[in-house]
Amino acid sequence: MNRMMIYVMAVLLTSWAGAKPVTGDFLLQTKQSTMAFHKSGDSWQMVHYGTKIESAPDAAALAWSGWVGGNFFGHRKPDTYSVYGSDNDRRGTMNKFGGLAVIHADGVTSTDLKAVSVKTVDDKPGMTHLVFELKDRVYPFFVIQHFRAAVASDVIETWVEIRHDESASVKLIRMDSVALVFPLMAKEYHLLSLTGQWSSEGQLVEAPVALGQTVSMTSRSGVRSAFGNNPSFMLSVGERATETAGRVIGGALAWSGAWSISIQHDYVNALAINAGSDTGNGAYTLDAGKPLVTPKMALTYSASGKGQISRNLHRWARDHQLRDGHMLRPVLLNSWEGAYFDFDESTLTDMMDGVKELGGEMFVVDDGWFARGKYARDDDKRGLGDWVVNDKKLPKGLGSLAEEAKKRDLKFGIWVEPEMANTTSELVDSHPEWVLREKTRPLRQGRGGTQVVLDMTNPALRDNIYNQMDAMITSIPGLAYIKWDANADFMNPGSTYLGADRQPNLWYDYTAGLYDLLARLRVKYPDILMKACSSGGGHMDYGFLRYADEFWTSDDTDARQRVFIQWGAGHFYPACAMAAHVTGVPNHQTHRSTPLKFRFDVAMSGRLGFELHPKTMAPEEVVFAKQAVKDYKRLRPVIQQGDLYRLVSPWTHTYASLMYVNDDKSQAVVFLYGLNRPVMSDYPAPLMLQGLDINKRYRLTEINKEKRGHCRVSGKTLSGAALMGMGVPVKLSGDYDSAVFELVAE
Ligand code: GLA
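Residues numbered from 1 in each chain as written. Predicted model: local features only at pLDDT ≥ 70, side-chain atom pairs only at ≥ 80, totals over all residues. Heavy atoms only, no water.

## Topic: the packing of aromatic side chains
Scanning the model with the defined rule gives 30 aromatic pairs in all. On the numbers, 6.3 Å between centres and 85 degrees between planes, the contact of Tyr660 with Phe671 is edge-to-face. Here Tyr660, found in strand 33 (residues 655–661), pairs with Phe671, found in strand 34 (residues 667–674); they are eleven residues apart in sequence, far enough to count as distant. As far as burial versus exposure is concerned, Tyr660 and Phe671 are alike and both buried. Pairwise contacts between aromatic rings join Trp255, Tyr284, Tyr508, Tyr515 and Tyr547 into one cluster. Just above the ring of Phe343 sits the side chain of Lys393; from NZ or CZ to the centre is 4.4 Å. For Arg520, the ring lying beneath its charged end belongs to Tyr466, and the centroid distance is 4.3 Å. (Phe/Tyr/Trp six-rings, centres within 6.5 Å; stacked < 30°, edge-to-face > 60°. Helix = DSSP H or I, 4+ residues; strand = E, 2+ residues; numbered from the N terminus. Buried < 20%, exposed > 50% of the residue type's maximum accessible area, 1.4 Å probe, protein only. Lys NZ or Arg CZ within 6 Å of the ring centre and 35° of its normal.)

## Here's the deal with empty space enclosed by the protein
Per the stated rule, a full pass over the model turns up seven cavities of 30 Å³ or more. Around the largest cavity, the lining comprises 13 residues; the ones closest to its centre are Gln566, Trp567, Ser605, Leu658 and Tyr660. Among the secondary structure elements, those contributing two or more residues to the lining of the largest cavity are helix 10 (559–569), strand 32 (643–648) and strand 33. When the residues that make up the lining of the largest cavity are grouped by side-chain class, the tally is nine nonpolar, three polar and one charged. (1 Å grid on protein atoms, 1.4 Å probe; cavity = no way out; pocket = protein on both sides within 12 Å on 5 of 7 lines; lining within 4 Å. Points joined across faces, edges and corners; volume = space filled by probe spheres on them. Nonpolar A, V, L, I, M, F, W, Y, C, P; charged D, E, K, R; others polar.)

## What to know about the pairing of strand 16 (residues 247–254)
When you tally the buried positions in strand 16, you get seven out of eight residues, the bulk of the element. In this structure, strand 15 (residues 232–237) lies alongside strand 16, joined through six bridges in antiparallel fashion. Each bridged residue has a counterpart across the sheet, and for Ser236 the counterpart in strand 16 is Val248. Pairing geometry for strand 16 and strand 21 (residues 296–302), over seven bridges, is antiparallel. If you follow Leu253 over to strand 21, its bridge partner there is Met297. (Pairing = 2+ DSSP bridges.)

## Side note on the site of the ligand
With respect to spatial proximity, 13 residues lie near the ligand, and among them Asp366, Asp367, Arg447, Lys483 and Asp555 are the closest. Measuring from an oxygen atom of the ligand, one finds a side-chain N or O atom of Trp415 at 3.0 Å. Taking Asp555, its side chain carries an N or O atom lying 2.7 Å from an oxygen atom of the ligand. A class-by-class count of the residues in the shell around the ligand yields four nonpolar, three polar and six charged. (Near = heavy atom within 4 Å. Polar contact = N/O pair within 3.5 Å; in protein donor to acceptor, adjacent residues only side chain to side chain.)

Here's what the structure looks like:
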């Protein structure tokens, strides 16, 4: 039994503590929402998800009242877990869709589940955990379905565990985490999601899901789970919601591999949501007795627009999903854009001096510090896989570098890319079988012409990487941070380990293997901060964020582009996890030059850091930066832990504005960014603040100020009611002018 299995078994065995049977209709409550379940014979339906209601009979009575008859939701049975092949409740039809599609050991292709038991089980405080134990009516085939409500943040996590005792293995053609059919809710739906790729992550798109359409999003990268589509969505139920009005269902799938999410607006106006890991090319082979746990899907509901969906997900992430969501993240300098591969020890210690002077708290060495001899990492063509220090560049070793950081009172971090190797490495020389490849085809190689993906399904490979990481970490006393990068997709989707009959298992097992490796490192090194990176924002997903504390938002560090990228990312992911670095100009990706103040103002709305050589900064820039870092550290609890309100969208205006408010509404920070202004008369309207306490009075102060101010009421004390009801008068002049305001209740 491998470790993943042991973990799964432990979950199965422990999760029944304090079980209380549920025998009739049940309301799963959060602070502001309800998911209602109705018992129908020996199966259960989800009959309401939305605004909070207190009466289960009301939910059951009203659920199908608008239904117009005819085909039963396009043959999709509205059970809590809609599966292919079930009988559609005495209507003589069969469910043709569903989130689970199985070929049983004897070749039968349908599955028909009944509820064997339903119960609530003990969980963390603030969580209500409902469990459905389902079994096929004929086969020893079992599904345990979880709905776990995080009460305070209005999020419901849901996933399933699939297991069977059939005479031989079964094939899973689909194995979704969620497959819900919603009763008639509205006549129109609008789907918002994020698209983009390298250097253009977080691009917002939104369109109606027209009657009869099924819209699906997917990633078949295998690795960069958030390129193309991010595994998350917001769905307006009825009219297209705004930031502050309208019914919205939000979702985020916690999975770092291939996945799919689909939204069906059925021709009788019902809605179906499916989401789960994607099996790529072919069915997953599941052996008897081996449970498979699907990724967790976080669902949330808001009756007051999209802004609340973001705040719900952020709060849930900080409270329950991120490894330590309440920790204040340090201000760090990452060496990449300041040095690339071209450094030696003195380059790095110079950078340390610089970040120390600016008030930073950590120094991170990016790519280029590892591998030896002919494979020494001097460019991206060699060395990945050999996690030993590059003694040509750093003869005194990593421990000595960490010591240098410590002398400057800085924490020390390092970059790795453990899932990949170059074919030019000692690792691949000695273990060519650890490379994903298809034995009859030429090997496709990625970055640098030599990069390949390692076979994370293979426990021997995982042990090797674990041991290399372990040795590296222990060689660096006090290592505080790891940037875990992954710069490839599945290019050769073949595993020597899995064998000929199980190649499609690669898509799930790779990610499960990756999580096993991450979990082992996490157990041994619980206090090391970790950043999820995958060619920039390719791991902006809640699966990786179970192990990591933050993500690299994008390799595009142009502050103007970052206004858009961070705007998108913030729809689903919290500011404390969103790494945003001030870089040099002209920007290395777009060649655009923006003022240092603008670059700071943009980076300060996330987890502030640097990615430049501080030596290149002019003395007056250093003065500005020092004050900005000082202010950021003071405001960090509000920005990293506060509630986000999006005030003005860069997608519809020539400027953008957002703000954060702390829990007791005693402090807030407002960011205002001028973009490209077509005419000088395009003045911003007063900023209608949100989230403040109408009964409190706030002193408004502009910070990060250069010569000119941007607000004539800076320094005044004003009521929350007026700030939200009348707005704050602001002024911008020219491209990339920007402002930051601090509000403190008196
Ligand atoms: C990726 C990352 C960058 C940097 C380089 C190093 O592109 O996104 O931040 O770490 O790799 O090779």
